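Chain residues, written in single-letter form:
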Amino acid sequence: MVPPMIPDNAALLIIDVQVGFDDPRWGVRNNPDAERRIAELLEIWRESGRPVIHVQHLSREPESPLRPGQPGVEIKAVVAPRAGEKLVRKRVNSAFIGTDLEEHLRREGIGTLVVTGLTTDHCVSTTTRMAGNLGFETHLVAGATATFGKRGPDGTEYDAKLIHDTALASLHGELAEVLRFEELVARL
């Protein structure tokens, strides 16, 4: 069976690709090519005329590099919004909480989202989960997202690849379709 094509009005949702995630305090990250892949996908999306939505996290944590007024809050130049592209600013993990994202998508008749960004297990996962629960057809591009290693409550260290892979596995088939970059591009 041939997989369905991605609709012409599907929105590319780029979550939190911000300078502050280069800060070493986050630890070791998987997928150093994530921003490059997101930029490639963004260019394809723009060329196709499909809608692009950027999400920017505005942390309330005093020490966060993603706090307004800090250089780290800025969206990385490689995926910076262009005129006419929607920018959603959020203060929590989900791009749907405290924003007009859902209202915008419904008003524009957008029923399909393709999700990319940082970090896989936090804002990407939370937004993807909510999109699926809200009834949006949701696709997550595995090679266009990344995360950092974590320490469990018992002190066990988990590397970034494991965190990334398990976050994707928990979403796939339940709340989203997780695709490789090439799989998604082939369906455009």
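The structure we're discussing is the one just above.
Residues numbered from 1 in each chain as written. Predicted model: local features only at pLDDT ≥ 70, side-chain atom pairs only at ≥ 80, totals over all residues. Heavy atoms only, no water.

Participant: In this structure, what is going on with the packing of aromatic side chains? I would like to understand it.
Facilitator: By convention here, two paired aromatic rings are described through the distance between centres and the angle between planes. The full count for this structure, using the stated rule, is 4 aromatic pairs. The interplanar angle of 45° and the centroid separation of 4.9 Å between the aromatic rings of F21 and W26 together place this pair among those described as tilted. Taking the relative accessible area as the measure of exposure, F21 reaches 7% and is therefore buried. In this structure W26 comes out as partly exposed when scored by relative accessible area, which is 31%. Aromatic pair F21 and F148: ring centres 6.2 Å apart, planes at 25°, arrangement stacked. Taken as a pair, F21 in the loop between strand 1 (11-15) and helix 1 (34-48) and F148 in the loop between strand 5 (137-146) and strand 6 (150-151) lie far apart in primary sequence, 127 residues in all. (Phe/Tyr/Trp six-rings, centres within 6.5 Å; stacked < 30°, edge-to-face > 60°. Buried < 20%, exposed > 50% of the residue type's maximum accessible area, 1.4 Å probe, protein only. Helix = DSSP H or I, 4+ residues; strand = E, 2+ residues; numbered from the N terminus.)

Participant: Explain the sheet that holds strand 3 (residues 86-90) to me, please; I cannot follow it from the model alone.
Facilitator: Across a sheet, strands are paired by hydrogen bonds formed along the backbone, either parallel or antiparallel in direction. An order of 3-2-1-4-5-8 is seen for the 6 strands of this open sheet, with the pairing classed as parallel. Of all the strands in the sheet, the pair left with one neighbour each is strand 3 and strand 8 (177-179). Averaged over all pairs of adjacent strands, the angle between strand axes in this sheet comes to 25°, irrespective of strand direction. Helix 4 (residues 160-171) rests against strand 5 and strand 8 of the sheet, and its axis sits at about 170° to strand 5. (Pairing = 2+ DSSP bridges. Axes fitted to C-alpha atoms, helices over the stretch in contact; angles between N-to-C directions. Contact = heavy atoms within 4.5 Å.)

Participant: Explain the layout of surface pockets here, please?
Facilitator: Rolled over the atoms, a probe sized like a water molecule indicates the empty space that remains. Taken as a whole, the largest pocket encloses approximately 360 Å³ of empty space. Of the residues in the lining of the largest pocket, the class split is 5 nonpolar, 9 polar and 6 charged. (1 Å grid on protein atoms, 1.4 Å probe; cavity = no way out; pocket = protein on both sides within 12 Å on 5 of 7 lines; lining within 4 Å. Points joined across faces, edges and corners; volume = space filled by probe spheres on them. Nonpolar A, V, L, I, M, F, W, Y, C, P; charged D, E, K, R; others polar.)

Participant: Hey, could you run me through the pattern of salt bridges in this one?
Facilitator: Think of it this way: side chains of opposite charge can pair up when their charged atoms draw near. Counted according to the given criterion, the structure contains 21 salt bridges. A salt bridge links E177 to R187, with the shortest nitrogen-to-oxygen separation between them at 3.0 Å. A residue pair is termed long-range when its members are at least 10 positions apart, and E177 in strand 8 and R187 in the segment after helix 5 (181-186) qualify at 10 residues. (Salt bridge = Lys/Arg side-chain N within 4 Å of Asp/Glu carboxyl O.)

Participant: I'm lost on the packing of helix 3 (residues 120-133) against helix 4 in this one. Help?
Facilitator: The relative placement of two packed helices comes down to the angle between their axes together with the axis-to-axis distance. At a minimum axis separation of 10 Å, helix 3 and helix 4 run at an interaxial angle of 10°. The angle between the axes of helix 3 and helix 4 places the two elements in the roughly parallel class. Together, T120, D121, S125, T128 and R129 of helix 3 and I163, H164, A167, L168, S170 and L171 of helix 4 make up the contact between the two elements. When its residues are assigned to classes, the contact of helix 3 with helix 4 shows 4 nonpolar, 5 polar and 2 charged. (Parallel < 35°, antiparallel > 145°, perpendicular 65-115°, else oblique.)

Participant: Explanation requested: helix 3 in the structure shown.
Facilitator: The periodicity of an α-helix, 3.6 residues per turn, causes residues three or four places apart in sequence to face the same way. Helix geometry: helix 3 is bent most strongly at T126, by close to 25°. Buried residues of helix 3: T120, C123, V124, S125, T127, T128 and A131, and no others. Where helix 3 terminates, the next one or two residues include G135, which has phi positive at roughly 95°. (Bend = angle between axes of the 7 residues up to and from the residue.)

Participant: What exactly am I supposed to notice about the nonpolar core here?
Facilitator: Soluble globular proteins: nonpolar side chains tend toward being buried together. Counting residues in hydrophobic clusters, the biggest one holds 23 residues, and the most contacted among them are L13, L101, L105 and L113. Listing elements by their share of this core, those giving two or more residues are strand 1, strand 2 (52-57), helix 2 (101-107), strand 4 (112-118), helix 3, strand 5 and helix 4. Once residues lying within four places of it in the same chain are set aside, the contact partners of L105 are A11, I53, F96, I110, L113 and F136. Listed in part, the 19 residues of the second largest apolar core include A39, L42, W45 and A144. (Core = buried A, V, L, I, M, F, W, Y, C linked by side-chain atoms within 4.5 Å.)

Participant: Sorry if this is basic, but what is going on with the environment of V17 here?
Facilitator: Among the structural elements, V17 can be located in the loop between strand 1 and helix 1. Take V17: its relative accessible area is 1%, and that puts it in the buried class. Those residues in contact with V17, other than ones at most four positions away along the chain, are E35, I38, E74, I75, K76, V79, G117 and L118.

Participant: When you look at the environment of P65 in this model, what are you seeing that I'm missing?
Facilitator: Structurally, P65 is set in the loop between strand 2 and strand 3. Spatially, the C-alpha atom of P65 lies 19 Å from that of V78, the residues being 13 residues apart in sequence. Once you skip the residues sitting within four places of it in the chain, P65 turns out to touch G20, D23, R25, W26, Q70, G72 and V73.

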